[in-house]
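Working through the structure, step by step
The chain contents come next:
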Amino acid sequence: MSAVLNFKSHLSELFAQALREVAPEIANDGAAQTEILIERPKLAAHGDYACNLAMQLARPLRKPPREIAQALIAALPVSDAIEKMEIAGAGFINVFIATAAKQRVVSGVLQAGAGYGHIHLGAGRKVQVEFVSANPTGPLHVGHGRGAAVGDCLCNVLHAAGWNVTREFYYNDAGAQIDNLMRSVQLRCLGITPDDPSWPEAGYRGDYIADVARAYLAKETVEADDQHVQGSGDVADAEAIRHFAVAYLRREQDIDLRAFGVNFDVFSLESALYSDGKVEEAVDKLIASGHTYEQDDALWLRTTDFGDDKDRVMRKSDGGYTYFVPDVAYHLDKWRRGFTRVINEQGADHHSTITRVRAGLQALDAGIPQGWPDYVLHQMVTVLRNGEEVKISKRAGSYVTLRDLIDEVGCDATRYFLAARHPDSQLVFDIDLAKSQSNDNPVYYIQYAHARIHAVLTQWGGDRSTLLHADVGALNNEYETVLLQKLIDFPQVIENAATELSPHLIAFYLKDLAADFHSYYNASRFLVEDEAVKCARLALIAAIAQVMRNGLALLGVSAPEQM
RNA sequence: GUGCCCGUAGCUCAAUCGGAUAGAGCACCAGCCUUCUAAGCUGGGGGUUACAGGUUCGAUUCCUGUCGGGCACGCCA
C-alpha cells in the first residue's frame, strides 16, 4: 500500500534510473552527492511534485539545465502514477500525478485505520526520551508543561515513525535543593511561616509546603508512580520528612501529568546512582582517563579538552560532587541500557549542561559517539492573562501551575498551544485566547471539522465498513484533489517531524487539513442522490476523519464526535 | 564581556533541514444559513523576511559583522 502511495520515493527511484541513463558517470560515482530530491511545490500550477535534478547536474555536465531536464524526462521509466511532466523556471521538472493514483489513498487510509501515517524510519530501534524531569520541590509550572507537551508529542511522533520509544523522568531526590525542601516542611510543621524573620532565605515559601507539613503530621500515606511513603509525624526526623516531602510532591506532579495525558515508562532517581555505586564508578573512570586534576582542595574535570570554555569542578572541597557528575553517570547508564539514541527534552535555561555532560561522556572513553545524546531545548514560556504578563517566582510560590492551566483552559487546548510552536521560539501563552471557545481557537477549529464529519456519517446511517470498498472514481473536483493530496502527505509530515524533532509540524498540518475540509464542506453536499458520488465523498471524508484522529492522537488531543 | 536561541504582515506564528510569486489565523472591510453542525465558508487591503555585506543558477534558510529581545555564564540543580 505505502509503496503505491509514496509518490516521493517512487519518483525518486524513477529519476535515479533516468539519471543512470542520462549521466552514468555521475550516477555511478559513489563519492558525488547524487541524492534525488523530490519536493512539493507551493503553487498548484507547479504540479504535485518537483525535481531539481537537472539544475544540480548543470554544472558537472556543463549543459543548460532545461536541456538536461528534457533528457531526463525522455529517459524516465513509464509510470501510471504520472499524468504529465513539465519543465519550468530555471530547470525544474514538475510532475503531475494522475488523479486515479491519488484516489488510492482513500482506501489506503481506511484500510490502515489508526496505523495510517506510520512509517518504518526507526526500524524498531530503541530511543529513550527524557523529559520534564522536574525536581520534587514544588508543583509543575507552565515551563514544565511545555516540556511535557513537546516531549510527549515527540515520543508519539517517534513511535509513529517506527522507533521503540521509552519515556523517562529523572529527578534529584537528594542534595541542597531537597535539603531546603525538607527544612521548609519541618519549619512549617513547627508552625513557622515564611513571613517569620527566621525563615531561611533559600526556603520554599509556597502554600503547598504547608499542605505537605499537614499531611506529614497527619501521618498520611502518599503514592506516586514510583513512590509509596507514610508520614511518621515525627518533626525531629529529618530523613522521614525528606522522604515524605519528595513522595508527596512527586504524587502531585504525577496527578498533573496524568491529567495532562502524559505517562512515563521509567523513573530514575539521583540517589539511586549513588547507592548503586554508579557515581563512584564514573568518577573512577574519569580519574583513570587522565582528564582530571586536583586544585584548591577540589577535583576538576578538564572539560576544555572537549570544547568547554573552562574546566569544571567534579568534587567540591567539602567532599560532595557537583550535579553534573551524577548526570554523567546517569547518561553512561542510559548508554549501557542499550540506548544508542537518547533525546533529552529540557528548558533552554539548562543548555549549559549539554557541553558538560557530553564532555564527561567523551572523557569516559566508553565508545560513546561525540554528539550523543541529542537535545531538544524549548525556550521560555511567558503567560498572559488579561493582556498582562503573569510573573513567575518559584520561591515566593506565585506562579501559574500546569494544574491551573488544565483546570482553567482544558487539557486539549493547553497541550495544543504548548506543542504547536517551534521549540526554539519563545512562547506566549495567552490564557484568555486558549480559554476562548470561539473561532480564535485553532484547537476547536480542528476538532470541529472532525465532529462535522461524524455528523454527516451519522446522518447517512450506512455501514461505514462498506466505504473501504467504495468506488472513489468520482473524486476529481478541485476540492477533492487537494484533499487527496493532503492525505497522501501525512506520512511525510510524520517523517519530517521525527527527523527534525519538531512535533509542531503535526499541529500545522492538522490546521491545514481542517481548513481544506471546511472549504470542501461549504462548497459541497455529501448526502446526494447519486449513489456513486455519495459513497465516494463519504469515503473521502471518513478518511479525512481518520487522519485527523491519528494526527490529534499524536498531539495527545481528543477528537470529539460531537461539539 | 563570553556562549546558546530568536528577530518574518498591526498581533500570534508557519515556510517540507538552499528552491519558483514568503503563507495561515486573529484584527479590519465587504458578502454567505428554508439545505448534512455558521466553533464554518468566500473575497479584499496589509511585507525591502531587523540591518549591511558575502557564498551561487537561486538565500527567510548557509557564512561574517551590526542592532534588538530571551536564556546561561557557581565548588547551586
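Residues numbered from 1 in each chain as written. Chains lettered and ligands numbered in written order. Predicted model: local features only at pLDDT ≥ 70, side-chain atom pairs only at ≥ 80, totals over all residues. Heavy atoms only, no water.

Before going further, it helps to spend a moment on the overall build of chain A. A count of helices and strands for chain A gives 21 helices and 17 strands. Considering only C-alpha atoms, chain A reaches an extent of 85 × 60 × 40 Å along its principal axes. Within chain A, the fraction of its 563 residues that count as buried is 52%. Sequence-distant contacts in chain A: of pairs separated by 6 or more residues, those separated by 24 or more amount to 71%. Here chain A has roughly 25,100 Å² of accessible surface; of this, 48% comes from carbon and sulfur atoms. For chain A, the centre of its 53 positive side-chain charges and the centre of its 74 negative side-chain charges are spaced 2 Å apart. (Helix = DSSP H or I, 4+ residues; strand = E, 2+ residues; numbered from the N terminus. Buried < 20%, exposed > 50% of the residue type's maximum accessible area, 1.4 Å probe, protein only. Contact = heavy atoms within 4.5 Å. Areas by Shrake-Rupley, 256 points an atom, 1.4 Å probe, with all protein chains shown as cover. Lys, Arg positive; Asp, Glu negative; His and termini not counted. Charge placed at Lys NZ, Arg CZ, Asp CG, Glu CD.)

Turning to the nonpolar core, a few remarks are in order. The biggest cluster of nonpolar side chains holds 147 residues, and the ones touching the most others in it are Phe-15, Phe-429 and Ile-544. Element by element, the count of residues in this core is highest for helix α21 (residues 531-555), at 14 residues. Mapping this core onto the domain boundaries places at least three of its residues in each of domain 1 (2-97) and domain 2 (102-121 + 439-555). Apart from residues lying up to four places away in sequence, Ile-544 is in contact with Ile-453, Leu-483, Leu-487, Leu-513 and Phe-517. Formed by 29 residues, the second largest nonpolar core is a distinct cluster that contains Met-314, Val-328, Ala-329 and Ala-348. (Core = buried A, V, L, I, M, F, W, Y, C linked by side-chain atoms within 4.5 Å. Domains from an automatic or database assignment.)

Inspection of the region around RNA strand B gives 64 residues, with Arg-40, Asn-172, Tyr-448, Arg-452 and Ser-524 positioned closest. Within 4 Å of the protein, atoms of RNA strand B come from sugar and phosphate in 63% of cases. For RNA strand B, a base oxygen lies 2.3 Å from a polar atom in the backbone of Arg-40. Within the backbone of Tyr-323, a nitrogen or oxygen atom sits 2.9 Å from a phosphate oxygen of RNA strand B. Those elements giving two or more residues to the surface near RNA strand B turn out to be α4 (53-61), β4 (92-97), α8 (176-189), β17 (427-430), α18 (442-460) and α20 (504-523). For the surface near RNA strand B, the leading source of residues is α18, giving 8 residues. Taken together, the residues that form the surface near RNA strand B break down as 25 nonpolar, 25 polar and 14 charged. (Near = heavy atom within 4 Å. Polar contact = N/O pair within 3.5 Å; in protein donor to acceptor, adjacent residues only side chain to side chain. Nonpolar A, V, L, I, M, F, W, Y, C, P; charged D, E, K, R; others polar.)

Spatial ordering of the open sheet is given by β10-β11-β12, a layout of 3 strands whose pairing is antiparallel. Looking along the sheet, the strands with just one partner apiece sit at the ends: β10 (292-295) and β12 (312-315). Taking each pair of neighbouring strands and ignoring which way they run, the sheet shows an average axis angle of 45°. Pairing of β10 with strand β11 (residues 298-301) involves 4 bridges; the strand directions are antiparallel. By the bridge assignment for β11, Thr-292 is matched with Leu-301. (Pairing = 2+ DSSP bridges. Axes fitted to C-alpha atoms, helices over the stretch in contact; angles between N-to-C directions.)

Attention shifts here to the sheet that holds strand β14 (residues 374-378). The strand order β9-β6-β5-β13-β14 describes an open sheet built from 5 strands, whose pairing is parallel. A single partner strand is all that each edge strand has here, and the edge strands are β9 (266-269) and β14. Adjacent strand axes in the sheet meet at a mean angle of 25° when their direction is disregarded. In terms of strand pairing, strand β6 (residues 164-171) meets β9 through 4 bridges, oriented parallel. The residue of β9 that forms the bridge with Tyr-171 is Leu-269. The sheet contacts of helix α10 (residues 238-259) involve β6 and β9, and relative to β6 the element is tilted by about 140°.

Further remarks concern the domain arrangement of chain A. In terms of domain boundaries, chain A breaks down into domain 1 (2-97) and domain 2 (102-121 + 439-555). Across the boundary between the two partners, domain 1 contributes 9 residues, which contact 8 residues of domain 2. Buried area between domain 1 and domain 2, both sides added, is near 800 Å², and the carbon and sulfur share of it is 54%. Between the two partners, domain 1 and domain 2, sit 3 salt bridges. Between Asp-48 and Lys-102 there is a salt bridge whose closest N-O contact spans 2.8 Å. Elements that contribute at least two residues to the side of domain 1 that touches domain 2 include exactly α1 (2-5) and α2 (7-22). In terms of residue class, the side of domain 1 that touches domain 2 is built from 5 nonpolar, no polar and 4 charged. (Buried area = accessible area lost by both parts, 1.4 Å probe. Salt bridge = Lys/Arg side-chain N within 4 Å of Asp/Glu carboxyl O.)

By the definition in use, this model includes 19 aromatic pairs. Relative to Tyr-330, the ring of Tyr-170 lies with its centre 4.1 Å away and its plane at 15°, an arrangement referred to as stacked. Taken together, the residues Tyr-170 in strand β6 and Tyr-330 in helix α13 (residues 324-336) connect sequence positions 160 residues apart. With respect to burial, Tyr-170 and Tyr-330 carry one shared label: buried. Grouped by ring-pair contacts, the aromatic residues Phe-131, Phe-169, Tyr-171, Phe-264 and Phe-267 constitute a single cluster. Positioned above the aromatic ring of Phe-260 is the side chain of Arg-415, whose terminal nitrogen or guanidinium carbon lies 5.5 Å from the ring centre. (Phe/Tyr/Trp six-rings, centres within 6.5 Å; stacked < 30°, edge-to-face > 60°. Lys NZ or Arg CZ within 6 Å of the ring centre and 35° of its normal.)

Turning our attention to the packing of helix α7 (residues 142-160) against α21. For the pair α7 and α21, the least separation of the axes is 7 Å and the interaxial angle reads 130°. Here α7 lies oblique to α21, going by the angle between them. Contact residues: Cys-153, Asn-156, Val-157 and Ala-160 in α7; Ala-553, Leu-554 and Leu-555 in α21. (Parallel < 35°, antiparallel > 145°, perpendicular 65-115°, else oblique.)

Two elements in contact, α8 and α10, have axes whose closest approach is 9 Å; the angle formed by their N-to-C orientations is 100°. Relative to α10, the element α8 is oriented roughly perpendicular. Within the contact between the two elements, α8 uses Ile-178, Asp-179, Leu-181, Met-182, Val-185 and Gln-186 and α10 uses Ala-238, Ile-241, Arg-242, Ala-245, Val-246 and Leu-249. Here the contact of α8 with α10 is composed, by residue class, of 9 nonpolar, 1 polar and 2 charged.

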